[in-house]
Amino acid sequence: MPKCVHGGFTVFFYICKYVENDLCIMYKKIKYKKDMKKSFLVDEKGFYGEFGGSYVPEILYATVEKLREQYLPILESKEFQDEYMSLLRDYVGRPSPLYFARRMSERYGCQLYLKREDLNHTGAHKINNTIGQILMAKKMGKTRIIAETGAGQHGVATATVCALMNMKCEIFMGATDVERQHTNVERMKMLGAKVNPVRTGNMTLSDACSEAIRDWCCHPQDTFYIVGSTMGPHPYPDIVAKMQSVISEELKWQLEEKIGRDYPDYLIACVGGGSNA
């Protein structure tokens, strides 16, 4: 990796080193636990090694179990794939460009490419997931959509696909975030969504998630919860990962075209809820 002297890059690499050392410490603490297992692939019960699964209120058990039974047959069907890929191409605007950042590459002595997810419709990667999940909701006979949002990008993407599919939409957003992200709140409202400020707890994303689940408990029959991050009960982490895998699928053939191989030396991504990473 090139040695970077720019302030922002130096801080970034120091953070990585610090986190890496913390991970080493954590590993030393747990390596003697013989039963500790992990996996990057989900099994049929929703576990990644010993972590994962589904822990939900009893009233939602049947709803989540039905989703678990149906999500793979729906995602793997030709009908779904044809409609999903058509919307990604013609509505979202995929494939997103892979841009060679020439001046930055010259400055730091490397070849730096940017995967321009910001050029998707609504300005982020979130719509890759919401397009797919709302198609699933329709195929399962749901008529109402709920979602949580923090900064507002997932809320905007959910409101957008609900407007596209003419479905009712309610977004739960912490009251603190509503004040900080006023522009995105107005975008959601213009798209026809009802935005519910959540005033419990810290009034941020985790509280919005809790409130969305409470609403889901009251309306399990007609409501589909479009989760925006790799979180929640199985199969949501796997669904989100599968929807966002279009980024890396494109990246492979785009790199092959530009540098003659389908992988980079280093891949850097931001991590919040995990959907982008």
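Residues numbered from 1 in each chain as written. Predicted model: local features only at pLDDT ≥ 70, side-chain atom pairs only at ≥ 80, totals over all residues. Heavy atoms only, no water.

Peer 1: I tried to follow the pairing of strand 6 (residues 168-174) on my own but got confused; where do I start?
Peer 2: Successive residues of a regular strand alternate their side chains across the two faces of the sheet. Burial within strand 6 is extensive, with six of its seven residues counted as buried. As paired strands, strand 5 (residues 144-149) and strand 6 are joined by six bridges and run parallel to one another. Within strand 6, the residue paired with T149 across the bridge is M173. One ladder, built from five bridges, connects strand 6 with strand 7 (residues 194-198); its direction is parallel. Within strand 7, the position partnered with F172 by the bridge is N196. (Buried < 20%, exposed > 50% of the residue type's maximum accessible area, 1.4 Å probe, protein only. Helix = DSSP H or I, 4+ residues; strand = E, 2+ residues; numbered from the N terminus. Pairing = 2+ DSSP bridges.)

Peer 1: Honestly, the packing of helix 2 (residues 58-76) against helix 9 (residues 205-218) in this entry has me stumped. Any pointers?
Peer 2: Helices that pack against each other are described as a pair by the angle of their axes relative to one another and the distance between those axes. With their axes 9 Å apart at the nearest point, helix 2 and helix 9 run at an angle of 85° to one another. Taken together, the axes of helix 2 and helix 9 lie roughly perpendicular to each other. Taking contact as the criterion, the partners of I59, L60, T63 and V64 in helix 2 are, on helix 9, I213, W216 and C217. (Axes fitted to C-alpha atoms, helices over the stretch in contact; angles between N-to-C directions. Parallel < 35°, antiparallel > 145°, perpendicular 65-115°, else oblique. Contact = heavy atoms within 4.5 Å.)

Peer 1: What exactly am I supposed to notice about the environment of N202 here?
Peer 2: Position of N202 relative to the elements: it lies in the loop between strand 7 and helix 9. For N202, a relative accessible area of 60% translates into the label exposed. It is 7.8 Å that separates the C-alpha atoms of N202 and T176, two residues lying 26 residues apart in sequence. Other than its neighbours up to four places away in sequence, N202 contacts T176 and D207.

Peer 1: Looking at this structure, I do not really get helix 2. What am I missing?
Peer 2: An α-helical turn contains 3.6 residues, so a residue and the one three or four places further along point in the same direction. With 19 residues, helix 2 should reach 27 Å at 1.5 Å per residue; the first-to-last C-alpha distance of 29 Å fits that figure. Most pronounced at Q70, the bend in helix 2 amounts to some 40°, and the proline P73 follows within four residues. Within the span of helix 2, buried status applies to L60, T63, V64, L67, Y71, I74 and L75. Where the residues of helix 2 are buried, they touch helix 3 (78-92), helix 5 (126-139), helix 9, strand 8 (223-225) and helix 10 (236-244). (Expected span 1.5 Å × (residues − 1). Bend = angle between axes of the 7 residues up to and from the residue.)

Peer 1: Can you walk me through unusual backbone geometry in this structure?
Peer 2: It is generally the case that most residues other than glycine have a negative phi and that most peptide bonds are trans. A cis amide bond, omega 5°, links R94 with the succeeding residue P95. Position of P95 relative to the elements: it lies in the loop between helix 3 and strand 3 (98-100). Backbone geometry at T122 places phi at a positive 85°, although glycine is not the residue there. Examined against the element boundaries, T122 turns out to sit in the loop between strand 4 (113-115) and helix 5. With a phi angle near 55°, N166 is a residue other than glycine that sits in the positive phi range. Here N166 is to be found in the loop between helix 6 (153-165) and strand 6.

Peer 1: I keep staring at the pattern of salt bridges and nothing clicks. Help me out?
Peer 2: For side chains bearing opposite charge, pairing can occur when the charged atoms are close. Tallying each qualifying case throughout the model produces 15 salt bridges. In this structure, the salt-bridge partner of D90 is R89, at a minimum N-O distance of 3.1 Å. According to the relative accessible area criterion, R89 is partly exposed, its value standing at 48%. The partner of D215 in a salt bridge is R144, and the shortest N-O contact between them spans 2.9 Å. Placement of the pair is D215 in helix 9 and R144 in strand 5, with a sequence separation of 71 residues. Among the charged side chains, a salt-bridge network with shared partners connects R94, K115, E117 and E250. (Salt bridge = Lys/Arg side-chain N within 4 Å of Asp/Glu carboxyl O.)

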